[in-house]
Each structure stands twice: as structure tokens, then as C-alpha cells.
Amino acid sequence: MIRSSPFVPAAGQVDIVGLSWGSFSTSLMHLPKIDIILGSDCFYDEKDYEDIIATVAFLLEKYPDSQFWTTYQERNSSHSIGSLLKRWRLSAQSVQLSSFEADGELVANSNQPSMHTIRMIKILKSEI
């Protein structure tokens with residue numbers, strides 16, 4: 001699936017680098033050009049939200065054409081990253097899971113039924 005993605009360079013090379021949210025290490029400062037930052041279920045514990053958003057904001061400032069795509073399980077509808085996005089001058093766009101056939105009742109084509117609400121968003125540097 002990733003080979004057919006418009007985000008894969010013509011040479012077909014995809015570099016994967018792990019991040020520690022909120023840690024601005026030397027390796028983070030010297031990352032090669034970033035197109036997409038992927039995160040899965042990052043927004044689990046509210047105490048980590050600002051570290052995640054601060055790291056993403058730093059990377060989007062350094063690479064303004066990049067995007068942060070993440071999924072999360074909606075655990076509590078009162079938890080929101082809206083104020084953090086505003087503070088860090090970021091915006092979020094909802095991505096419909098149906099746009100890539102991920103909206104079935106089974107999680108990732110497994111035999112595990114999903115009794116949870118899964119959301120996907122794309123975070124970008126705000127135009128404002």
C-alpha cells in the first residue's frame with residue numbers, strides 16, 4: 001500500500017525515525033527533510049498532549065510543507081487539543097476513515113471488532 005502512495009519519493013525510499021515527544025535532541029535537530037509525520041494513538045494521556053503538539057509545531061516550523069497524520073481513540077469527548085493547536089499556531093483537519101476503506105467494523109482487517117470510536121486527523125501549520 002505504501003508503494004502506491006503519492007507521498008513515497010520516486011526512488012521509493014521511506015525513512016522511518018522514532019521520536020520522543022517533547023525531547024528536542026540533537027538527532028531531532030538534524031533530521032533530513034520531512035514530508036509526513038505519522039502518529040498512532042498519541043493522544044492517550046492528557047499530560048502528554050503539550051509535548052506532542054510542541055514537537056509537531058517545531059517540526060512543522062522547520063519543514064512547513066510537512067504534515068502530521070495521526071489516529072486516536074476517542075476516550076473522553078471533553079478532552080481536546082484545540083487550545084494547544086491555537087497556542088502553537090497549528091490547525092487540524094479531520095480525515096474520513098472511509099476515504100481509504102478503514103471504516104469497517106473490524107479493526108485493521110483483524111478479527112477484533114471495534115467497540116471504540118477511532119478518529120484520524122491531519123495537523124498542519126496554520127496560515128494565520
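Residues numbered from 1 in each chain as written. Predicted model: local features only at pLDDT ≥ 70, side-chain atom pairs only at ≥ 80, totals over all residues. Heavy atoms only, no water.

*Asks:* I keep staring at the side chain of Lys122 and nothing clicks. Help me out?
*Replies:* Counting through the fold element by element, Lys122 comes out in strand E4 (residues 118–125). The buried category is assigned to Lys122, whose relative accessible area is 18%. (Helix = DSSP H or I, 4+ residues; strand = E, 2+ residues; numbered from the N terminus. Buried < 20%, exposed > 50% of the residue type's maximum accessible area, 1.4 Å probe, protein only.)

*Asks:* What is the right way to look at helix H2 (residues 49–62) in this model?
*Replies:* In this model, H2 (14 residues) spans 20 Å end to end at C-alpha, consistent with the 20 Å of a helix rising 1.5 Å per residue. Listing the buried residues of H2 in full gives Tyr49, Ile52, Ile53, Ala54, Thr55, Val56, Ala57, Leu59 and Leu60. (Expected span 1.5 Å × (residues − 1).)

*Asks:* Where do I start with the environment of Leu38 in this structure?
*Replies:* For Leu38, the position within the fold is in strand E1 (residues 36–40). Apart from residues no more than four positions distant in its own chain, Leu38 is found in contact with Phe68 and Trp69. (Contact = heavy atoms within 4.5 Å.)

*Asks:* Help me understand the nonpolar core in this model?
*Replies:* Soluble globular proteins: nonpolar side chains tend toward being buried together. One finds Phe43, Ile53, Val56, Phe68, Ile81, Leu90 and Ile123 to be the most contacted residues of the largest nonpolar core, which totals 21 residues. Elements with a minimum of two residues in this core: H2, helix H3 (82–87) and E4. With 7 residues, the single largest contributor to this core is H2. Apart from residues lying up to four places away in sequence, Phe68 is in contact with Trp21, Ile37, Leu38, Gly39, Cys42, Phe43, Ile52, Val56, Leu60, Ile121, Lys122 and Ile123. (Core = buried A, V, L, I, M, F, W, Y, C linked by side-chain atoms within 4.5 Å.)

*Asks:* Would you mind showing me how to read the pattern of salt bridges here?
*Replies:* Side chains that differ in sign of charge can pair as their charged atoms come close. The final tally for this structure, using the stated rule, is 4 salt bridges. Here Arg87 ties to Glu50 by a salt bridge, and the two come within 2.7 Å at their closest N and O atoms. Placement of Arg87 in helix H3 and of Glu50 in helix H2 is noted, with a sequence separation of 37 residues between them. Classification of Arg87 by relative accessible area gives exposed; the value is 51%. Here Glu50 falls in the partly exposed class, since its relative accessible area comes to 32%. (Salt bridge = Lys/Arg side-chain N within 4 Å of Asp/Glu carboxyl O.)

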